[in-house]
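Tertiary structure, described
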Amino acid sequence: EAPKSKRLRALFSGWSPGPGEQHEGGNGERLADSGDGRQRVMAYSSGTNADLDQTLDDDASEEFTDIDGTQYSVPSYRPTEPLPVRTVAIRCRPDVLCGSVMDALTTSVERLGGEITKRQGGHLRAVLPGRKLRIWLPGEWERENSRIREDFSEASKDGSDEFQAKTEYELVQHDDAIGHEDGASVSSGISTLFLGSKSRRKGPKFASLPPYVVDAQLLTKKVGKECQRQILVRIYRIHDIRRVSLDVEGEVLDAATPMEVEQHSVGTHAECERSVNALREAAALVQRIKAVGATGFSIEPPQSILTDDATISSVSSSMSYLKSISDAVYSPITYLTSSSPAANVSSRRPLTVIELMSSELLRKAISSPSVGTTSRSALRAAKQKSYGIYPALSREDSPLVKASWVFLKDCIGELDSRCLSYTSLGIQPLFQYPALPTLDAHFINQIKALCRESMIVSLIKAASDLEVYAREFEVSTGNLDQILRPTYESYKLAPPRLPTPVPLTAYPLDYHETSPPWGPHVKEALESASASSNEEGGVQSQLSSFEQSAKVISSVVAGFQRQNDMEQGARLGRKNLQVMDRLAKMQSHKRDSIARIRDSYGENYLATSAADDFHSLRNKSKNIGSLTDRIHASPNEVPLLICNVLVGNAAGTCYVTHSHLLFNTQLVPILGGNRVNLFSIMDVDVTIHAPSKSLLSPLPASISLTTAVFGNKSTTREEVYNFIPSIGARRFAKFVEVLRDVATEDPDALKFSDRGGLLYMDNAEAT
């Protein structure tokens, strides 16, 4: 399927935006705090990039005015990122320069007549022209070859130097391509077997391949404990890039001039056909798997091909997998040349399992929409029908898939000739001239970025738990301020101000980078690998170049991970210090907010009057003079909260001080009379009951006060009071919990420095 940039960005490190994709600074990047400033992290996109599955707002429009002053309204258009018709990853050696790899790609582009529009670091973009490839008909190659040899013989007798040189060049070109003659003749001459000699066109036949845009990047992919260096090559339709080329500056995106007709490339067209056929079969298989889901499917042999005694098991046992590659050349002729199902059954050979699967998949394959479909509704409907976007199954995109093989083949060949591909480690040892004596700095930098992104993700996950706990505590402090605000206004007191937050960078970070630019552990791993490669007969020399490469890369990755673990621990410790500081400040603010009202007795007239009223009601309570009341009683208790409550069917008022809960309820609403109940905050527990689900009496959540009852062998809790507060059961319970915490804490346990940071917590010094 055609991959999107969001998926590729999550797989590769060192990613640069392709044509029409989001650039740095857009919504697709993540900014992480690195201590010394803001650092860009391009992996793990936030998911806000333009996507083909997103829907546009049909009502959104843009107005414009023409030269005559007439206003128009046109639907707004937001271009989406173009999808590639082909994506290929080519693995490279880790000990070659980035510039050497890009030089090989540049050579391939220039050899094919392309025009480079961008080359920066490990990123190259080019426009390759269209081309015409000659299709050789059956028998035409032999006739052309014999004609050239006859002309060469006559030229040798006549002694014409110019004509002799020309025929020698043609003969050499033909002899070089003679190995591809069978495949080209078979693939191009299938139609001529049925059309007959009357319908055969005179003169050579050519296949036109369209132009396309190539975007290649040298990236790093994490595979287990190893990182692989790969060239990510993406092929685009040139008109799709031109559609979004308004955001691309300084690039020429017009199609280049087509090259001359290639008449002597005998096997090129056949190889392009085999390439697109292989992708078509793979796409059909993926499409079929998505279509059937978990049910699976079976492939039955056609009755017109196999005899009654033939079975798939007998065929698969008689035909090997390697031989099926050559059999695939003849299988289309077997299908197409038969005039009737029963004709020539005895002369035909049975099909292999590979051929049966290929024919079955291609027979049931559904045509895919083009990657350049601009209508979102049509694209969505087509994707649901074809279960995805498969350029090889699209009539519009398959010619570009075929044309791209010309560049890919030349690119792979150029990398192999320069010993830059990963397979060249089998003939050119690792860290040996002309390669580098160590890993390329471009590759190491991408490994560092990849490991750092993993560290940042882990750090954010761990720090998020601390941040959630701190914010919940801050929300609790905000609720306390909202509850106490009416009390401060009624007493005409000034509430304390909330603490000013201190940024994370203001706290010390106990981490310092050493041995730049890679760090001490990575430096040690590189030096060890370089020294082992120079030793003859050592442990390193006993390994193959492929094993040495995997071992060195794994040691570098492990070095970066150890350094990142140390940095993550230091940053997480700094975050923990900030969270503890915030918690201490919020708790101190809660204590000051309660103490300012509590200590206003005798200094504020309104608070003193409210306290006297509370004490007059307290003297009427049933449990006045009890042990709990005597312990926690105070002659100057100022009410912190006064709210209405519903106790059973009677309404009343609740007074909350820093140590008591007092309920004053009416016995008879009309005749008068009241009942006063007093409870110590330290003696009761608050339990919240869910709201009533009855339709006849829908009541909100209620609160029950329970106290411990000590028995002979066990202790149970007994409900002593039940009520519904007007401010809400949850807010009331949180408020009582804060009062209990403030009453039990040690005021000397929290001390702060001059700048407002936490200095001591639980009598332990925090640096």
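Here's what I pulled together on the structure shown here. Counting restarts for each chain, with residues numbered from 1 along the sequence as it is written. Reporting in this predicted model follows two pLDDT cut-offs: at least 70 for local features of residues, and 80 or more for side-chain atom pairs to be given and counted; totals over whole chains, interfaces and linings ignore these cut-offs and use all residues. Side-chain metrics in this entry use all non-hydrogen atoms of the structure; hydrogen atoms and water are not considered.

Structural notes on the pairing of strand S11 (residues 212-223)
Quick reminder of the rule: Partly exposed describes any residue whose relative accessible area lies between the buried limit of under 20% and the exposed limit of over 50%, with all areas from a 1.4 Å probe on protein chains only and scaled to the type maximum. Numbering of helices and strands starts at the N terminus; helices are DSSP runs of H or I of at least 4 residues and strands are runs of E of at least 2. In short, DSSP must find at least two bridges between two strands for them to pair.
In terms of burial, S11 is a largely internal element, 9 of the 12 residues being buried. As judged from the 2 bridges shared by strand S1 (residues 12-13) and S11, these two strands associate in the antiparallel manner. Counted as the bridge partner of Phe12 is Lys221 from S11. Here strand S8 (residues 123-128) runs beside S11; their pairing, made up of 6 bridges, is antiparallel. Bridged to Arg125 within S11 is Asp215. The sheet contact formed by S11 and strand S12 (residues 226-237) spans 12 bridges and is antiparallel. By the bridge assignment, Ala216 is partnered in S12 with Val233. Linking S11 to S12, which pair antiparallel, is a turn of 2 residues; within it Gly224 sits at a positive phi near 65°.

Re the packing of aromatic side chains
Given two aromatic rings, one states the distance between the centres and the angle between the planes to describe the pair. As a reminder, the rule being used: Two aromatic rings, drawn from Phe, Tyr or Trp (for Trp, its six-membered ring), form a pair once their centres lie within 6.5 Å of each other, and the interplanar angle then sorts them: stacked below 30 degrees, edge-to-face above 60, tilted otherwise. Counting as a charge over the ring demands two things of the Lys NZ or Arg CZ atom: a distance within 6 Å of the ring centre and an angle within 35 degrees of the ring normal.
Using the criterion set out here, one finds 7 aromatic pairs in the structure. With 5.5 Å between their ring centres and 55° between their planes, Phe679 and Tyr721 make a pair best called tilted. In this pair, Phe679 is assigned in strand S16 (residues 672-680) and Tyr721 in strand S19 (residues 715-725), connecting sequence segments 42 residues apart. On the basis of relative accessibility, which here comes to 9%, the residue Tyr721 falls in the buried class. On the numbers, 5.4 Å between centres and 80° between planes, the contact of Phe723 with Phe732 is edge-to-face. Residue Phe723 is classed as buried on the basis of its relative accessible area of 0%. Exposure remark for Phe732: the relative accessible area of 0% places this residue in the buried category. Of the aromatic side chains, those joined through ring pairs into one cluster are Phe663, Phe679, Tyr721, Phe723 and Phe732. The side chain of Arg91 reaches across the aromatic face of Tyr422, ending 3.7 Å from its centre. The aromatic ring of Phe473 is capped on one face by Lys590, whose charged end is 4.0 Å from the ring centroid.

Considerations on unusual backbone geometry
Following Tyr433, the chain continues into Pro434 via a peptide bond in cis, with omega recorded as 10°. Along the chain, Pro516 connects to Pro517 via a cis peptide bond; the corresponding omega equals 5°. The topology assignment puts Pro517 in the loop between helix H14 (441-491) and helix H15 (520-534). The backbone phi angle of Tyr387 is positive, close to 60°, even though this residue is not glycine. Positionally, Tyr387 belongs in the loop between helix H12 (376-386) and helix H13 (398-417). Take Tyr387: its relative accessible area is 34%, and that puts it in the partly exposed class.

A closer look at the packing of helix H16 (residues 545-598) against helix H19 (residues 729-744)
Where we set the bar: Angles here are taken between N-to-C directions and fall from 0 to 180 degrees, while the axes themselves are lines fitted to C-alpha atoms, restricted in helices to the stretch in contact. Under this scheme an angle from 65 to 115 degrees is roughly perpendicular, one under 35 degrees roughly parallel, and one over 145 degrees roughly antiparallel; angles in between are oblique. Residue contacts are counted whenever heavy atoms from the two residues lie within 4.5 Å of one another. Gly counts as polar in this scheme, as do all residues outside two lists: the nonpolar Ala, Val, Leu, Ile, Met, Phe, Trp, Tyr, Cys and Pro, and the charged Asp, Glu, Lys and Arg.
At a closest axis distance of 10 Å, the pairing of H16 and H19 adopts a crossing angle of 95°. Classified by the angle between their axes, H16 and H19 sit roughly perpendicular to one another. Residue-level inspection shows Gln587, Lys590, Arg591 and Ile594 of H16 in contact with H19, the latter providing Val738, Leu739, Asp741 and Val742. Residue composition of the contact of H16 with H19, grouped by class: 4 nonpolar, 1 polar and 3 charged.

What to know about the side chain of Glu81
Here is the rule we go by: Counted charges follow a simple rule, with Lys and Arg positive, Asp and Glu negative, and His plus the chain ends left uncounted. Each salt bridge in this description consists of a side-chain nitrogen of Lys or Arg and a carboxyl oxygen of Asp or Glu lying within 4 Å of one another. Definition of a polar contact: a pair of N or O atoms within 3.5 Å, with one able to donate and the other able to accept a hydrogen when the atoms are protein atoms, and with sequence-neighbouring residues admitted only if both atoms are side-chain atoms.
Of note, Glu81 is situated in the loop between strand S5 (71-75) and strand S6 (86-91). Buried charge without a partner: Glu81 forms no salt bridge, and the closest opposite charge is Arg9, 5.8 Å away. Side-chain polar atoms of Glu81 contact the side chain of Ser5, separated by 2.7 Å.

Structural notes on H12
Our working rule: To obtain the arc, one takes the directions from the helix axis to the C-beta atoms.
Along H12, the residues classified as buried are Arg376, Leu379, Lys383 and Ser386. Angular distribution of buried residues about the axis of H12 spans 105°; they occupy a single face of the element. Facing away from the buried side of H12 by over 90 degrees, the exposed positions are Ser377, Gln384 and Lys385. Lining the buried residues of H12 we find helix H8 (268-292). The positive-phi residue at the C-terminal boundary of H12 is Tyr387, with phi of around 60°.

Brief notes about the packing of H14 against H19
In the contact formed by H14 and H19, the axes pass within 10 Å of each other and the chain directions differ by 100°. On the basis of the axis angle, H14 is roughly perpendicular to H19. Residue-level inspection shows Ser476, Asn479, Leu480, Gln482, Ile483 and Leu484 of H14 in contact with H19, the latter providing Arg731, Phe735 and Val738. Of the residues that constitute the contact of H14 with H19, the class distribution is 5 nonpolar, 3 polar and 1 charged.

Notes on the nonpolar core
Stated formally: The term nonpolar core refers to a set of buried residues drawn from Ala, Val, Leu, Ile, Met, Phe, Trp, Tyr and Cys, joined through side-chain atoms within 4.5 Å.
Ranked by size, the top nonpolar core spans 39 residues in total, and within it Leu128, Tyr212, Ile231, Val233, Phe407 and Leu415 carry the most contacts. Counting residues per element, the ones that place at least two in this core are helix H2 (98-111), S8, S11, S12, H8 and H13. If one sorts the elements of this core by residue count, H13 sits on top with 8 residues. Filtering out sequence-adjacent residues up to four positions away, Phe407 remains in contact with Ser108, Val109, Leu112, Leu128, Tyr212, Val214 and Val233. In terms of nonpolar packing, the next biggest core, distinct from the first, is built from 35 residues, Leu480, Tyr491, Cys643 and Phe663 among them.

A short note on the pairing of strand S14 (residues 650-656)
Of the strand pairs in this sheet, strand S13 (residues 641-647) and S14 are connected by 7 bridges, and their pairing is antiparallel. Paired with Leu641 across the bridge in S14 is Val656. Between S13 and the antiparallel strand that follows it, S14, lie 2 residues; Gly648 among them carries a positive phi value of about 65°.

Focus: the pattern of salt bridges
Under the criterion given, the structure shown has 24 salt bridges. With a closest N to O distance of 3.5 Å, Glu396 and Arg237 form a salt bridge. Taken as a pair, Glu396 in the loop between H12 and H13 and Arg237 in strand S12 lie far apart in primary sequence, 159 residues in all. The shortest N-O distance in the salt bridge between Asp599 and Arg598 comes to 3.3 Å. A residue is classified by how much of its surface remains accessible, and Arg598, at 31% relative accessible area, is partly exposed. Linked through salt bridges whose partners overlap, the residues forming this network are Glu467, Arg471, Glu474, Lys575 and Arg582.

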